[in-house]
Amino acid sequence: MESFRKGLLFPVALIIAGVAIFFLYLFIIGHDPDERPLTVTQWVIGGILIGPGFGYLLKWRKAKDSQKPKLD
């Protein structure tokens, strides 16, 4: 499980799952984008659901960059 979290698949899966859950949330509350735009609260909820995937993506990128040999 540790190697799965260090790979690229885990952050991408979190981002996709966050987007899917956000659209499910919008479906459950009955939001119609043709009637009115998203409110600030809905944008914040979307960011909370999608954000952890981007955090892991940045963590993966930092770990990948630290493994590269420096060419000084």
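Check the entry above for the structure.
Caption draft 1: The arrangement of the packing of helix 2 (residues 9-29) against helix 3 (residues 40-67) in detail. Interaxial distance between helix 2 and helix 3 falls to 7 Å at its minimum, and their mutual angle equals 170°. With respect to helix 3, the element helix 2 is oriented roughly antiparallel. Within the contact between the two elements, helix 2 uses F10, P11, L14, I15, G18, V19, I21, F22, Y25, L26 and I29 and helix 3 uses Q42, I45, G46, L49, I50, P52, G53, F54, Y56 and L57. Of the residues in the contact of helix 2 with helix 3, the class split is 17 nonpolar, four polar and no charged.

Caption draft 2: Fine view of helix 3. Taking 1.5 Å of rise per residue, 28 residues should cover 40 Å, and helix 3 covers 40 Å from first to last C-alpha, within 8% of that figure. Its maximal kink placed at I50, helix 3 deviates by approximately 40°, while the proline P52 follows within four residues. Listed as buried for helix 3 are Q42, G46, I50 and G53. Elements that come into contact with the buried residues of helix 3 comprise helix 2.

Rules used throughout
Positions within a chain are numbered from 1, following the residues in the order the chain's sequence is written. For a predicted model such as this one, the threshold for reporting local features is a pLDDT of at least 70, and the threshold for listing and counting side-chain atom pairs is 80 or more; totals across whole chains, interfaces and linings nevertheless cover every residue. Remark: hydrogens and water are excluded; side-chain values derive from all non-hydrogen atoms of the structure. As a rule, the C-alpha atoms of each element are fitted with a line to give its axis, helices using only the stretch in contact, and angles between N-to-C directions run from 0 to 180 degrees. Strands are runs of DSSP state E lasting at least 2 residues, helices are runs of H or I lasting at least 4, and numbering of each runs from the N terminus. Any angle that is under 35 degrees is reported as roughly parallel, and any over 145 degrees as roughly antiparallel; angles of 65 to 115 degrees are reported as roughly perpendicular and all others as oblique. Contacts are residue-level and defined by heavy atoms, with any inter-residue pair within 4.5 Å sufficient. Residues were grouped as follows: Ala, Val, Leu, Ile, Met, Phe, Trp, Tyr, Cys and Pro as nonpolar; Asp, Glu, Lys and Arg as charged; and all remaining residues, including Gly, as polar. To estimate how far a helix should reach, multiply one less than its number of residues by 1.5 Å. Bend angle per residue: angle between axes fitted to the 7 residues ending at that residue and the 7 residues starting there. The rule is simple: take the accessible area with a 1.4 Å probe, protein chains only, and divide by the maximum for that residue type; under 20% is buried, over 50% is exposed, in between is partly exposed.

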